[in-house]
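# Structural overview for review
Here is how the chains run, residue by residue.
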Amino acid sequence: MIDVLFEARALVLRDLSACDLATAPVVDIVEDIITERRWWVDEWPEGEAFALGQVTQDVQDRLLDEGINWPVCPRHSLSHHSHDLHVEPDMGPHAVWTCALDNMRLAPVGQLHVALTTMGRAG
């Protein structure tokens, strides 16, 4: 069985790389979050299905605390409506990056590079 937290780590790092944010300090943040979520998954094994969305949201929140908006919506990054993408569902499997402004699903977590390339904003 694939460890869901290792898989979540890989997918989040792929999306961070797509935005040129997979720097050492950011990777350290991801590692800290994986360690914190390990306890959560060990205590609530049924929560494995939600691990990807939770890890992604944790990273996004921690980066925002550091003053880093990630990921910026490629549909609106050059307009006065610039905003960050959201992970949906908040608690559920199959985490997807969503533009809240247009209520549009752009890419599954781990596949952000596809949306960025399609919209001409690859990092």
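All values derive from a computational prediction rather than experimental measurement.

## Notes on helix H1 (residues 4–18)
Each α-helix turn comprises 3.6 residues. Residues three or four places apart therefore point the same way. Along its 15 residues, H1 runs 21 Å from first to last C-alpha, staying within 8% of the 21 Å computed at 1.5 Å per residue. Taken as a whole, H1 has its buried residues at Leu5, Ala8, Leu11, Val12, Leu13, Asp15, Leu16 and Ala18. Looking at the buried positions of H1, the neighbouring elements they touch are helix H2 (24–43), helix H3 (51–65), strand S2 (96–99), strand S3 (104–108) and helix H4 (112–118). The residue sitting at the N-terminus of H1 and contributing the capping side-chain oxygen is Asp3; that oxygen lies 2.8 Å from the backbone nitrogen of Leu5. The first or second residue beyond H1 is Asp20, which carries a positive phi of 55°.

## Some details on the environment of Ala95
In this structure, Ala95 sits in the loop between strand S1 (86–88) and S2. Residues Ala95 and Ala107, spaced twelve residues apart in sequence, show a C-alpha to C-alpha distance of 9.0 Å. Ignoring anything within four residues of it in the chain, the contact list for Ala95 reads Leu52, Gly53, Val87, Glu88, Pro89, Pro108 and Val109.

## Observations concerning the sheet that holds S3
Ordered in space as S1-S2-S3, the three strands form an open sheet in which the pairing is antiparallel. On the outer flanks of this sheet lie S1 and S3, each paired with one strand and no other. With direction set aside, neighbouring strand axes in the sheet form an average angle of 40°. Strand direction decides the pairing type here: S2 and S3, joined by four bridges, are antiparallel. Bridged to Val96 within S3 is Pro108. Its contacts with the sheet put H3 on S1 and S2, and the angle it makes with S1 is roughly 165°.

Cut-offs applied
Residues numbered from 1 in each chain as written. Predicted model: local features only at pLDDT ≥ 70, side-chain atom pairs only at ≥ 80, totals over all residues. Heavy atoms only, no water. Helix = DSSP H or I, 4+ residues; strand = E, 2+ residues; numbered from the N terminus. Expected span 1.5 Å × (residues − 1). Buried < 20%, exposed > 50% of the residue type's maximum accessible area, 1.4 Å probe, protein only. Contact = heavy atoms within 4.5 Å. Polar contact = N/O pair within 3.5 Å; in protein donor to acceptor, adjacent residues only side chain to side chain. Pairing = 2+ DSSP bridges. Axes fitted to C-alpha atoms, helices over the stretch in contact; angles between N-to-C directions.

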